[in-house]
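Architecture at a glance
These are the residues of each chain, in order.
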Amino acid sequence: MASESGKLWGGRFVGAVDPIMEKFNSSITYDQHLWEVDVQGSKAYSRGLEKAGLLTKAETDQILRGLDKVAEEWAQGTFKLNPNDEDIHTANERRLKELIGETAGKLHTGRSRNDQVVTDLRLWMRQNCSTLSALLWELIRTMVDRAEAERDILFPGYTHLQRAQPIRWSHWILSHAVALTRDSERLLEVQKRINVLPLGSGAIAGNPLGVDRELLRAALNFGAITVNSMDATSERDFVAEFLFWASLCMTHLSRMAEDLILYGTKEFSFVQLSDAYSTGSSLMPQKKNPDSLELIRSKAGRVFGRCAGLLMTLKGLPSTYNKDLQVNRENMAQALSPDMLATDLAYYLVRKGMPFRQAHEASGKAVFMAETKGVALNQLSLQELQTISRLFTGDVSQVWDYGHSVEQYAALGGTARPSVDWQIGQVRALLRAQQA
């Protein structure tokens, strides 16, 4: 359930968000193109919740039908955005609730936008990498066909832009085609690393509600699941790899375009660019400008900039561990605070049957109540908690056990002891495989 502010996270907050902050925080203008993969991921997650016993069959069917309607509206261009839709995930869930009611609030149970965002991104990139791969192969095939058809044409080869040795025109074409085949191979490698499922990692610690990540992997056709939940939600190596791939591919396309620009000048007169891909001059009637090739050359710089920009962003992110902290267990234990168990408090209510969105709201209100009273969250009395929800009973005291909190995140990749042992085994296996 959304708060009075219309936000999915509003239970902890009082008052409206400043309109400037609304605009600054919103990403819906550019992430709405993820609508299809967001619906796809939510469908798979609803089935995971059903298997975990957190949704009934009827509730799952209701959610799936609602998501189909959401997808239909996007596909037909009739989906209406709301001013409170800060991103595509918020927009889709808001619309789902309008269509099916409070059952929609159960869909986000155990799921964070942290793992939802990166799952959507991987799904979208996987889909678009397949499209790029097909287009790249089409270009390579066209170049090979031209090389075969024109293999008897001889022309001068150049070094230092000076005539060097006679070569076949087809040899020049194939020199660029071969470079593009390397790009095609690299793209397949990048796709393998994109095709890893982070869903089920939660915000940081994993999923505590028994959601089967292997079921999610199979439903979304991923090749593997992420090993560590903290890494899964924060790493964007696959994006950096893709942007480096794009930069290198654009380098090859730009070099080919530069050659063709030169060869098309009156000074060379080796090739003639079709009028369909050329423009003229507003002043000089005789001009025929190779704008299509020049734009390929110029757009390479834009791709390079995006690659460098992402790397600059990533390098400034604090990682989950820094050597200068010099791990100290006593200090770490003292740093634990009851407010860190607010999510566990929400899960407590979920296990009592409350939809997650309502449970999130209720837990946020409990945090606000504790802050208002100047006490720790675990010092609120049962009577005080029951003013927020009658579902709170005496067993809520179990929520305040940090050890219990950690051990509930038993899904693969989570922070529970068995999962950490599994992660250790996975990393050791990777090391052995690389050394073999």
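Described in the following lines is the structure provided in the data block. Please read these numbers as outputs of a predicted model, since none were measured by experiment. Each residue is numbered by its place in its chain's sequence as written, counting from 1. Reporting of local features is limited, given that this is a predicted model, to residues whose pLDDT is at least 70; pairs of side-chain atoms are given and counted only at 80 or more, and all residues count toward the totals for whole chains, interfaces and linings. Side-chain measures were taken over the full set of non-hydrogen atoms in the model, leaving aside hydrogen atoms and water.

1. Topic: the overall build of the chain
Here a strand is any run of E in DSSP of at least two residues, a helix any run of H or I of at least four, and the numbering for each starts at the N terminus. In terms of helices and strands, the chain carries 17 helices and four strands. On C-alpha atoms alone, the chain measures out to a radius of gyration of 28 Å, which is more than a quarter above the 22 Å that the 2.2 N^0.38 rule sets for 436 residues. Overall size of the chain, expressed as C-alpha extent along the three principal axes, is 90 × 55 × 40 Å. Across the chain, every contact between residues at least 6 apart in sequence was considered, and the portion connecting residues at least 24 apart equals 70%. The accessible surface values rely on the Shrake-Rupley method and a 1.4 Å probe; as for residues, cover is taken only from the protein chains in view. Of the accessible surface of the chain, which amounts to about 24300 Å², a share of 56% is contributed by carbon and sulfur atoms. Radius of gyration: C-alpha atoms only; globule rule: 2.2 Å multiplied by the number of residues to the exponent 0.38. Only heavy atoms enter the contact rule, under which two residues are in contact if any of them lie within 4.5 Å.

2. Describing the packing of helix α3 (residues 35–51) against helix α8 (residues 213–220)
Axes are the key here: two packed helices are described by the angle between their axes and the distance separating the axes. In contact at an axis separation of 9 Å, α3 and α8 are set at 145° when each is read in the N-to-C sense. In the packing of α3 onto α8, the handedness of the crossing is right-handed. Residues Gln40, Gly41, Ala44, Tyr45, Arg47, Gly48 and Lys51 of α3 touch α8, and the partners they reach there are Leu215, Leu216, Ala219 and Leu220. Here the contact of α3 with α8 is composed, by residue class, of six nonpolar, three polar and two charged. Axes here mean lines fitted to C-alpha atoms, for a helix over just the part in contact, with angles spanning 0 to 180 degrees between N-to-C directions. Should the near helix be turned counterclockwise from the far one by less than a right angle, the crossing is left-handed, whereas a clockwise turn marks it as right-handed. Residues are sorted three ways: Asp, Glu, Lys and Arg are charged, Ala, Val, Leu, Ile, Met, Phe, Trp, Tyr, Cys and Pro are nonpolar, and all the rest, Gly among them, are polar.

3. With respect to helix α4 (residues 57–76)
What a helix should span is 1.5 Å times the count of its residues minus one. An ideal rise of 1.5 Å per residue puts 28 Å on 20 residues; α4 measures up with 29 Å between its terminal C-alpha atoms. Three or more residues of α4 are buried, namely Glu59, Thr60, Ile63, Leu64, Gly66, Leu67, Val70, Ala71, Glu73 and Trp74. Those residues of α4 hidden inside the fold are in contact with α3 and α5 (88–100). With a 1.4 Å probe rolled over the protein chains alone, any residue whose accessible area is under 20% of its type maximum counts as buried; one over 50% counts as exposed, and the rest are partly exposed.

4. Describing unusual backbone geometry
In this model, Leu161 sits at a positive phi of 60°, which is unusual for a non-glycine residue. Position of Leu161 among the secondary structure elements: in the loop between β1 (154–159) and β2 (162–168). Among the residues examined, Leu161 registers a relative accessible area of 53% and is labelled exposed.

5. Thoughts on the environment of Met125
Position of Met125 relative to the elements: it lies in helix α6 (residues 113–149). A relative accessible area of 6% means that Met125 is categorised as buried. Taking the C-alpha atoms as reference points, Met125 and Lys51, separated by 74 residues in sequence, lie 28 Å from one another. Every residue in contact with Met125, bar those within four places of it in the chain, is listed here: Ile194, Phe238, Val239 and Phe242.

6. As for the packing of aromatic side chains
Within a pair of aromatic rings, the relevant descriptors are the distance that separates the centres and the angle that separates the planes. The aromatic pairing rule takes the rings of Phe, Tyr and Trp, using the six-membered ring of Trp, and pairs them if the centres are within 6.5 Å, calling planes under 30 degrees apart stacked, those over 60 edge-to-face and the rest tilted. Under the criterion given, the structure shown has 16 aromatic pairs. Where Tyr263 meets Phe268, the ring centres are 5.8 Å apart and the plane angle is 50°; that geometry is what we call tilted. Overall, Phe268 belongs to the partly exposed group, its relative accessible area being 21%. Centre to centre, the rings of Tyr347 and Phe356 are 6.0 Å apart; their planes meet at 35°, and the pair counts as tilted. Pair check on accessibility: Tyr347 and Phe356 agree, each one buried.

7. Some details on the side chain of Asp31
When you line up the elements, Asp31 lands in helix α2 (residues 28–31). Positive charge is attributed to Lys and Arg, negative charge to Asp and Glu, and no charge count is given to His or to the chain ends. What counts as a salt bridge is simple: a side-chain nitrogen of Lys or Arg found within 4 Å of a carboxyl oxygen of Asp or Glu. Nearest to the buried, unbridged Asp31 among oppositely charged side chains is Arg113, at 7.9 Å. A distance of 2.6 Å separates a polar atom in the side chain of Asp31 from a polar atom in the side chain of Ser27. Not counting residues up to four positions away in its chain, the partners in contact with Asp31 are Asp87 and Ile88. As used in this structure description, the phrase polar contact means that two N or O atoms lie within 3.5 Å; if the pair is within protein, one of them must be able to donate a hydrogen and the other to accept it, and residues adjacent in sequence are counted only when both atoms belong to side chains.

8. Some details on the side chain of Arg213
In this structure, Arg213 sits in helix α8. Buried within the structure, Arg213 lacks any salt-bridge partner; Asp115 is the closest side chain of opposite charge, at an N-O distance of 7.1 Å. At a separation of 3.0 Å, a polar atom in the side chain of Arg213 contacts the main-chain carbonyl oxygen of Leu199. Aside from chain neighbours lying at most four places away, what touches Arg213 is Leu197, Pro198, Leu199, Gly200, Ser201, Ile225, Thr226, Ala411, Leu412 and Gly413.

9. Overview of the nonpolar core
Buried Ala, Val, Leu, Ile, Met, Phe, Trp, Tyr and Cys residues form a nonpolar core when they are joined through side-chain atoms within 4.5 Å. Within the largest apolar cluster, 32 residues are counted, with the highest numbers of intra-cluster contacts made by Trp172, Leu180, Phe242 and Trp245. Mapped onto this core, the elements with two or more residues apiece are α6, α7 (169–194), α10 (237–263) and α11 (291–315). In contact with Phe242, other than residues within four places in its own chain, are Met125, Cys129, Leu132, Leu187 and Val190.

10. Examining the state of the cysteines
Throughout, a disulfide means two cysteine sulfur atoms within 2.5 Å of one another. Scanning all chains against the criterion turns up zero disulfides. Just so you know, Cys129 is unpaired, no disulfide at all, and the nearest cysteine sulfur is the one on Cys249, 11 Å from it. Here Cys129 falls in the buried class, since its relative accessible area comes to 1%. Cysteine Cys307 remains unbridged, with the sulfur of Cys249 as its closest cysteine sulfur at 13 Å. Accessibility expressed as a relative area gives 10% for Cys307, which makes it buried.

11. Considering the pattern of salt bridges
Tallying each qualifying case throughout the model produces 25 salt bridges. Taking the shortest distance from any N to any O, the salt bridge between Glu86 and Arg113 comes out at 3.1 Å. Here the residue Glu86 occupies a position in the loop between α4 and α5, and Arg113 occupies one in helix α6, the gap between them amounting to 27 residues. Here Glu86 falls in the buried class, since its relative accessible area comes to 8%. Classification of Arg113 as partly exposed rests on a relative accessible area of 21%. Across the salt bridge formed by Lys352 and Asp395, the nearest N and O atoms sit 3.3 Å from each other. In this pair, Lys352 sits in the loop between α13 (342–351) and α14 (356–373) while Asp395 sits in the loop between α15 (382–386) and α16 (402–407), placing the two residues 43 residues apart along the sequence. Salt bridges here are not isolated pairs; linked through shared partners, they connect Glu73, Asp85, Arg94, Arg95 and Glu98.

Keep in mind these numbers describe shape, not what the thing actually does.
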